[in-house]
Amino acid sequence: MVKNMNLKNKLTSILIVFVVFYLYNTNLYAAKKRGVYATKNLIGQEYYMNRCSSCHGEGSRGGNMASIREWQTIFSKDAIELSEIHFDDDQTHGLLEYIKSKEFKKESKQILSFLQEFAYDSENIPTCN
């Protein structure tokens, strides 16, 4: 009887090792793979997703609206041009207040960097999906 228990325990242990090995080597517990156009600027991406993506879509699409230099100009001089672009839009009243806020001043460098990463003249623009 003791021999049967030891054999059962050994077989159970071997089975557990195989199951763990299988799960480890499948994508069941693997971290989500990042795409080719995944950003390294996760903070800027988070700010963009919270403030801009509802109208402008994912970062690769939103950033693609301007060149690296154009984004720099849009965000320069306290983002006056960004305010002007959104001035007549009825849905952006909250955005205009945000652009004038201290919070924007803190977040704008990260957002700018994120948008420039996906600008149409950057190396990270998706062409055909």
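Note that the structure is a prediction, hence the values are computed from the model and not measured.

As a further point, take the nonpolar core. Residues Trp-71, Phe-75, Leu-82 and Phe-104 are the most contacted members of the largest nonpolar core, which totals 19 residues. For this core, the secondary-structure elements that each account for two or more residues are helix 2 (42-51), helix 5 (68-86), helix 6 (93-100) and helix 7 (102-117). Setting aside anything within four residues of it in sequence, one finds Phe-75 in contact with Leu-82, Phe-104, Ser-108, Ile-111, Leu-112 and Leu-115.

Here we take up the packing of helix 2 against helix 7. As a packed pair, helix 2 and helix 7 sit with axes 8 Å apart at the nearest point and diverge in direction by 105°. By the criterion of interaxial angle, the relationship of helix 2 to helix 7 is roughly perpendicular. Contacts between helix 2 and helix 7 pair Ile-43, Gly-44, Gln-45, Tyr-47, Tyr-48 and Arg-51 from the former with Glu-103, Lys-106, Glu-107, Gln-110, Ile-111, Phe-114 and Leu-115 from the latter. Its residues placed into classes, the contact of helix 2 with helix 7 shows six nonpolar, three polar and four charged.

Okay, the confidence of the model for the protein next. Residues with a pLDDT of 70 or more make up 74% of the protein, whose mean pLDDT is 78. Across the protein, element-level confidence peaks in helix 7 with a mean pLDDT of 92 and bottoms out in helix 1 (residues 2-25) with 71. The low-confidence segment residues 28-34 (pLDDT under 50) makes six contacts with residues lying over four places distant or belonging to another chain.

Definitions and cut-offs
Residues numbered from 1 in each chain as written. Predicted model: local features only at pLDDT ≥ 70, side-chain atom pairs only at ≥ 80, totals over all residues. Heavy atoms only, no water. Core = buried A, V, L, I, M, F, W, Y, C linked by side-chain atoms within 4.5 Å. Buried < 20%, exposed > 50% of the residue type's maximum accessible area, 1.4 Å probe, protein only. Helix = DSSP H or I, 4+ residues; strand = E, 2+ residues; numbered from the N terminus. Contact = heavy atoms within 4.5 Å. Axes fitted to C-alpha atoms, helices over the stretch in contact; angles between N-to-C directions. Parallel < 35°, antiparallel > 145°, perpendicular 65-115°, else oblique. Nonpolar A, V, L, I, M, F, W, Y, C, P; charged D, E, K, R; others polar. pLDDT = per-residue confidence, 0-100.

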